[in-house]
Structure formats: C-alpha cells, structure tokens
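Examining the three-dimensional arrangement
Chain by chain, the residues run as shown.
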Amino acid sequence: MKRLYVISLCFCMLFATQLIAQPYQKTESGIKSVTQSMQIEVQFFSPTIVRVLKSPVGVPPDKKSLSVIKTPEKTDLKINGDEKEVTLTSSALTIVYDLTTARVTFYDLKGNRLFTEKDYGTQFTSTLDVKKESFTVRQAFMLDADEAIYGLGEQQNGKLNQRGQHIVLQNENTKICIPFFQSIKGYGVYWDNYSATTFTDNPQEMSLESLGDCSDYYFMYCGSGDKVVAAMRDLTGGAPMMPLWAYGYWQSKERYKNQNEIVSVVEKYRSIKVPLDGIIQDWQYWGKDSMWNAMSFDKTTYPDPKTMVDKIHKLNAHLMIVAWPGFGPLTNQYKELMSKNMMINFDTWPPKSGTKPYDVYNPTARDIYWDYLNKGVFSFNTDAWWLDSSEPDHINVKPADFDQPTYLGSYRSVINAFPLEHIKGVYEHQRATTSEKRVCILTRSAFAGQQRFGANSWSGDIVSSWETLQKQVPAALNFSMSGIPYWNADIGGFFLWNYNGSNALKLKTYHELYARWIQFGTFTPMMRSHGTDAPREIYQFGKPGDWTYDAIERYIKLRYQLLPYVYSSAWGVTNRSESFMRALVLDFAADKKVENTTDEYMFGSSILVAPVLNPMYVTKTGDKETENFGEVKSRKVYLPKGSEWVDFWTGETLQGGQEVDKAAPIDIMPLYIKAGSVIPWGPNVQYAAEKKWDNLEIRVYTGANGEFTLYEDENDNYNYEKGVHSTICMKWNDAAKTLTFSARNGSFSGMLKSRTFNIVLVNKQNGTGVNPSVKFSKSLRYTGKLVSLKL
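Calculation notes
- The numbering scheme is per chain: residues are counted from 1 as the chain's sequence reads.
- Predicted model: local features are reported for residues with pLDDT of at least 70 only, side-chain atom pairs are reported and counted for 80 or more only, and whole-chain, interface and lining totals are derived from all residues.
- Only hydrogens and water are removed before side-chain values are computed, so all heavy atoms of the structure are retained for them.
- DSSP calls a pair of strands paired once it identifies at least 2 bridges connecting them.
- Numbering of helices and strands runs from the N terminus; a helix is a DSSP stretch of H or I covering at least four residues, while a strand is a stretch of E covering at least two.
- Angular values range over 0 to 180 degrees, each being the angle between N-to-C directions of two axes fitted as lines to C-alpha atoms, with helices fitted over their stretch in contact.
- By definition, residues are in contact when any of their heavy atoms lie within 4.5 Å.
- N or O atoms closer than or at 3.5 Å make up a polar contact, with two conditions inside protein: a donor-capable atom paired with an acceptor-capable one, and, for residues adjacent in sequence, both atoms drawn from side chains.
- For this analysis, a ring pair means two rings from Phe, Tyr or Trp (six-membered ring only for Trp) whose centres lie within 6.5 Å, classed as stacked if their planes differ by under 30 degrees, edge-to-face if by over 60, and tilted for the remaining angles.
- Definition used: whenever NZ (Lys) or CZ (Arg) falls within 6 Å of the ring centre and also within 35 degrees of the ring normal, the charge is taken to sit over that ring.
- Working definition: with a 1.4 Å probe on protein chains only, accessible area under 20% of the residue-type maximum means buried, over 50% means exposed, and in between means partly exposed.
- pLDDT runs from 0 to 100 and stands for how confident the predictor is about each residue.
- What makes a nonpolar core is a set of buried Ala, Val, Leu, Ile, Met, Phe, Trp, Tyr and Cys residues whose side-chain atoms join them at distances within 4.5 Å.
- We call two directions roughly parallel when the angle between them is under 35 degrees, roughly antiparallel when it is over 145, roughly perpendicular when it lies between 65 and 115, and oblique otherwise.
- Each residue gets one of three labels, nonpolar for Ala, Val, Leu, Ile, Met, Phe, Trp, Tyr, Cys and Pro, charged for Asp, Glu, Lys and Arg, and polar for the others, Gly among them.
- Crossings are sorted by hand: turned counterclockwise from the far helix by less than a right angle, the near helix makes the crossing left-handed, and turned clockwise it makes it right-handed.

1. A word on the sheet that holds strand β5 (residues 78-81)
Two pairing modes exist for strands in a sheet, parallel and antiparallel, and in both the strands are linked by backbone hydrogen bonds. One open sheet accounts for nine strands, arranged β5-β6-β7-β8-β9-β10-β16-β15-β12; its pairing is antiparallel. Where the open sheet ends on each side, the last strands, each with one partner, are β5 and β12 (166-169). Strand after strand, the sheet turns through a mean of 15 degrees between neighbouring axes, direction not considered. When β12 meets strand β15 (residues 197-201), the two strands line up antiparallel, connected through four bridges. Pairing of L169 across the sheet is with T197, part of β15.

2. Section: the environment of N381
Of note, N381 is situated in the loop between α6 (363-376) and β23 (384-387). Distance in space between the C-alpha atoms of N381 and H313 is 9.5 Å, their sequence separation being 68 residues. Those residues in contact with N381 that lie beyond four places of it in its chain are V309, H313 and K437. At a separation of 3.4 Å, a polar atom in the side chain of N381 contacts the side chain of K437.

3. Brief notes about the packing of aromatic side chains
In the structure shown here, the tally under the stated rule is 61 aromatic pairs. An aromatic cluster is defined as three or more aromatic residues linked by ring pairs; in this entry it consists of Y247, Y486, F523, Y567, W571, F580, F603, Y711, Y718 and Y720. The ring of Y539 has K268 lying over it, and the distance from NZ or CZ to the ring centre is 5.5 Å. Here the basic side chain of R699 rests over the ring of W681, its NZ or CZ set 3.8 Å away from the ring centre.

4. A short note on the pairing of β23
Burial along β23 is two-sided: the face carrying A384 and W386 and the face carrying W385 and L387 are both buried. Here three bridges tie β23 to strand β26 (residues 441-443), and the two strands are oriented parallel to one another. Its bridge partner lying in β26, W385 is registered against I441.

5. Observations concerning unusual backbone geometry
Geometrically, the link from E254 to R255 is a cis peptide bond, its omega value of -5 degrees lying close to zero. Looking at the secondary structure, you find R255 in the loop between β18 (249-251) and α3 (259-272). Of note, the amide linkage connecting E391 to P392 takes the cis form, showing an omega dihedral of 5 degrees. Following the sequence through the fold, P392 ends up in the loop between β23 and β24 (405-406).

6. What to know about the confidence of the model for the protein chain
On average, residues of the protein chain carry a pLDDT of 95, and 96% of them reach 70 or more. Put simply, helix α1 (residues 2-21) is where the protein chain has its lowest mean pLDDT, 42, and β18 is where it has its highest, 99. The low-confidence segment residues 1-20 (pLDDT under 50) makes 17 contacts with residues lying over four places distant or belonging to another chain.

7. Comments concerning the nonpolar core
Counting residues in hydrophobic clusters, the biggest one holds 199 residues, and the most contacted among them are Y190, M220, Y510, F523 and F757. Among residues more than four places away in sequence, those in contact with F757 are L696, I698, L710, I728, M730, F741, K778, S779, L780 and Y782. In this structure, V42, L88, F141 and L208 belong to the second largest nonpolar core, which totals 41 residues.

8. Concerning the side chain of D713
Mapping D713 onto the fold places it in the loop between β42 (706-712) and β43 (725-733). Given the relative accessible area of 4%, D713 is considered buried. Within polar-contact distance, the side chain of D713 engages the backbone nitrogen of N715 at 2.7 Å. Dropping the residues within four chain positions of it, D713 is found in contact with M241, R438, Y567, Y720, V724, H725 and F748.

9. Structural notes on the packing of helix α9 (residues 466-481) against helix α10 (residues 508-522)
At a minimum axis separation of 11 Å, α9 and α10 run at an interaxial angle of 10 degrees. Taken together, α9 and α10 sit at an angle that is classed as roughly parallel. For the pair formed by α9 and α10, the contact residues are W466, T468, L469, Q472 and V473 on the first element and E512, L513, R516, W517 and F520 on the second. Considering only residue class, the contact of α9 with α10 consists of six nonpolar, two polar and two charged.

10. Considering the sheet that holds strand β41 (residues 695-701)
Ordered in space as β40-β41-β46-β47, the four strands form an open sheet in which the pairing is mixed. Edge positions in the sheet fall to β40 (678-681) and β47 (778-782), since each has one partner strand and no second. Neighbour-to-neighbour, the strand axes of this sheet turn through a mean angle of 25 degrees, independent of strand direction. Where β41 lies against strand β46 (residues 755-762), seven bridges are found, and the strand directions are parallel. By the bridge assignment for β46, N695 is matched with T756.

11. Observations regarding the packing of α6 against helix α8 (residues 418-433)
Relative orientation and spacing of two packed helices are given, respectively, by the angle between their axes and the distance between those axes. For the pair α6 and α8, the least separation of the axes is 10 Å and the interaxial angle reads 60 degrees. Taken together, the axes of α6 and α8 are oblique relative to one another. Handedness of the α6/α8 crossing: right-handed. On the side of α6, the interface is formed by R366, D367, Y369, W370, L373 and N374, while α8 contributes E421, H422, K424, G425, V426, H429, Q430 and T433. Residue composition of the contact of α6 with α8, grouped by class: four nonpolar, six polar and four charged.

Rendered as structure tokens:
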C-alpha cells in the first residue's frame, strides 16, 4: 500500500510540474491547473452542471461520490485563456478561472455574475483524522447583499431564507442536514462532503468548512428553482414512485403492544367508516431491550405474525414495521456483525442496553442486515419499513466515538452519509428480492441522493406546540428545495409535554392544535398521525358531531378525494423531477414579497395552502379552558401576483398581489386554487384502491389557460419503469372555454378502456368551490381518443 501511494504521489508531482510549465491543460470535460499549491479541476457534467475540485498538490484527488451518480456528458465548450485567467463557456453559462488566486466565478451568457468564490478563498489546514493525514477544508464565496438562498436540508429555525446563519450541518433527531443551497438567482450549489460541515454566512462572506482531502462542489445554473431541483436530481438520482396506498392516511402511535391491538385499530377504522390505508408497528415487537431490533416477533405478544399481517391485508390496509440500525447485545445480528468487525463501537438507543449501530458503510454488513430483516419480517408479506433513528441516535457521547473505524474511514469523516447508506441497503435489497411490491420507507434522517431509495423523511421527535407547528412549514420547504421531495411530520407532534402528557386528550387546547396540524398534514407527501404519551386515533378525540372528530374526518376524506391529483403529482416528481411542497418563491420568483414566506406554500402545481398556525378558539387560564366558537376568526393570506386565485371553499375569484382576510372556522384551512388549474376529484372511499377512477369529477378553475396530466398505473409494482402506465393530458383554453382531453398515452393491465368525466367549472356564480350547487357543467364518455368539450 505504501509503494502504491509513493507511485501515485510521484505521478501527481510530475503532473503538477507539467501544469506549472503550462498554466492550464484542457481535458475532455474542462480544464486542469495548479494554482496556490493546489491541483484544480473544472469539469462540466452537462451544459448547466459544473464540478469544481481542488486538492493540495501531492494529494491524489481520488474520490468516489456516495451521492453523485451522474457521469460527465459530452459538452461542447469554448475555452480561451492567457497567463492570468481561463474562460470556459457552454451553451448555458460561462466560468472564469483566475490562475493567480484560484478563484472560480460563474456568469450567465449575458455576462451577469451569478456566483463567485473569494480570491484565495480555498484553504487546506492539515489535521489528523485518527491516524490518517487529512485537512480541514474551507471554501469561501461571495453572495449579493440582498440575495436569498434556500435549502440546507431541514432546519428547525423557522426561516425560509437561510442568509445570515451559522449552522453546523450534522444530522441529528429533528435536524436533517444537506450541504446544498439554491439561490433566488436560479442556481444551486452542492458541497459533496460527508463529515459535519459548518455553514457560515455573514456580510463578509459565505463559507463551507469540513473534514476532507479536497474541496469538491457542484454548481448548477438553470434559471429557476424548479430547474435547480431537477438538476440536483439529475446529479444525485431521481425519486421512484411510491405505491398508491402510501399516499392515503397512516395511523401510528408509540406503540401498539400486541398483534390484537394493532389489528383492532384497523377494524375500528373500518367500522366507523373513516378512510385508512396504513398502520404502523413501532418498537419492541421483538421483546426486551437486550434483544433490541432482533427483527423477529416476540412469541408472547405477537404469537402469529402471519395471521396478523393477513388480517390487516383482508381489511385492505397495509402494515409498516419499524427497524433500527442498532442491535442489542443478545441478538444474533449483534453477535455475527461484532464477530466480523462490522459494528461501530458507540452507544445508541435505548440507554443502558448495550446497543451498538452496525457499519452501514460496509456492503457485506448491509447484506447481513437485510438477510435478517427479510427472513424475520418481510417473509410475512409486510408492506413498508420504518427505518427509525437513521442519523443514528448517539448517546453517552465521547470524543473517541467519532474515531471509530468504518468501512469508508473514520465515523467522523462519513457521519452525515449514515442515513444514505443505511436506507440504500434496504431499498436495493428489497428491489433485488421482488419487483411486485414498491419500496416504501419512512425514515428520520436523510442526505443528498436519498430520494432515489424510495424514502419519505419525517421531521423527528418534535414537541407538540404551536411554535413547533409553525417551524414545520419552512423546514419542509427547505428540505424539498434541497432536492428531496418526500417529507412529513408527526401530526399533532411527538411529545405532549406542553399538554400534560397522557392527559392531553382531555385538553381542548390540544384538540385545536391537533385539528390544525392534521389540516396541514393533509397537504404533505405522507399523511401520518403519530406520537407518544397519548394515542392519536380519530376516535380518541370524540365521536361524530364533536368538533375535533368532525374536523379530523373532513380532512382525511379530503385527502382521499385528492388522490388522483396527489398520485399524478407523484408521477411529476418521478418523471419530471417536480416537487410536492413548493415554496411560493419557486412559482412566483418575480414577487419579492414571497422570498421569505414561511406560512404558505403550493402543494403540487395548483393548490396554495395557508395552514392555521396559531390558536383561535380555545384559551386556557390556569387550569380553566374556554371554547369560543361564536365569532369566526380569520387569518391573513397573501396571494402572489402573477395569477388570479379561486377560493377553494367558496369559488370566489381574487386578484393576486394582495393580502386577504380568510375566515377560518375550526374545520376550514385557507386553500386557494391557481386560476387555470384542472384538478381531478376522486370518489369517496375507505382505502385508496377501493374504487376505480371510472367516474371522475374534473374541476376547472377558470380565469387562465391551464393543463393537468392524469397518471395511472398498476399501483404497486415497478412495471411503470418499463412504460406500463398511462397518461391523459387535460388542457383548458380559457378564452374559448374549451377543455381538451388528449388521446390516452400508454396502457397497463386493468386499465379502464372507457370512463366518465364529469366537468365542473368552479366559480362563485356556479356555486361554491368545494360543493358546487350546479353539480356538473357537462359529462363526457371518454374512450381514450382525443376529444374537446365546449363549456
């Protein structure tokens, strides 16, 4: 190994000598140079994506990315230079590299500066990573004074614009860290490093600082936030489709304690006729803490897991099972992995149990993990995974813990990639096991590229409070703008400390918070109720006729009526790299008022969501609660300019660019539909696949041209990757008052050959928005051929 390193070092020194004699050298994808004792390479991965790689002379820049899967495309470049600087121009942008200071500056094709490093802005400070010689790598940049930036994963700081922040980007419970940001100017930057990264932005500079052997980042210029997200997915991988049932309602709690209890919850939902698609089994189905994560069912409390799963399936529901990255000392996994030096030696959850995490970076360890999970759980035909504690939890922390060796180096050097490698292992192994069941993963942490592994991240063990609810909106939006589309939160919050713990359900102050939280949760990619201290099933909040119960039921049913819209939006995420939860700035970048909007967002392309984030109707003084529903309260909603907006509940059309007061009784969350939207409206069902979409209502929100593509497939396999699916494009011409249905594109087993579309023109004159008094403007029998309808 030493001899190979010497040969490599000699080669680098020879190469560096050649470059010193010649200021730069052209490569197939850009240039190489040596400046300021650094080897520097600028690589075009496409006309819009550029990698900038810098390392000290003599240190081979040999790195295989864990996140980036794209390889450089052949890109036409114009390269010109002299002894001072080199200019590289693609069809999308221009880069100028300063041969004296090693500064890289990015311009659009009109010569406008987009982004720049500082002169002499790259620093390598020698350090030891355990026994390995390494560096503290720091790269400094300059942003415009008024430039807004977004991303950095999911930060619970209540901010959308992340300017002026000092954040240590290290994954932990409730904090997902992705060293990526995008600018209001239409570019994004991904810092490809897996150690903890310090992000600092102040009036003097913006910098990123990490442990590593190189400064390695990707710049992508696309002109809009949506296209930046698409470029990040192009770089790090697309998001596969979840099964249709994953977009329904999920019930969970910490925790169901036996198989009869979990089955009875599904039976109860069916008996009260409230829709449900998923039930979740949390921890300790394996027994004692010493057997933590044994991936087997305790014979006392879960004596017949196959019967349990079969009963849930016969009730047309799906079962998600929790698994952790740590193993208790009496488990077979612990013994086998420890004997093969495939454990990371620090304490993880639960306390005082001796539980340690496995080496997720080791492909053989991931094989072993799946082998136990497959035989002990998946073999019973379970449906989905809850991969909890995927940061992972780290307790009794000691500095030496970070020195622990892993397959890829010290734990310190790869800490943030833990969830990426862990989730990858389960996804890839399930895909190799079967293609008949789509991978559906719920997990607590993430890293760049994790979207390609069928994972839905949630915001961790958050405390139930209005302040926490308020923070979830910008946290979700920044996470989405970091390139990962699937996010959710524990509806109602996890810990009920602020509501007397197990007594929370007796408090109407908590009922109000929960009702507003489930309204917000309806418009997230995964609608899931979960928490500790007290159960969260709908019937725990009363009975039909009680205001909390009715509000919860209304939004669960609304979610199911929106499933054609949600599932088609999911196809947009997979096929066109779109996003579910969209900060207003993505769609209305020209409106300066939305650059830091933290309490509104778009759900899909059409629906503006304005959650109620403050209490209105229940107050508490001492131990006394007072309900006051006599006066309907309202919240202010800003409607972005550039569109007209239709009130979802009333059908009233309003101009954009204004703030309105929207009445918000306890069962109304302000929702506005972008004029020109075409929204398919599904049937009332008890579970996602109960009824075929053979009699769909198509709601047209007049006032502008618009279109929507209805997507359908076999719901739960990977045949769609082979083209087994169908799409129908619906286009509304507002001037001609004509709705055109394209010829159906594609087919799949079980596809409807003909169906009825019932078209509703939604406006105030034609009845209220959510329940039009004139039910249908026209009905159409659609057989898959191009047809237009004058309305």
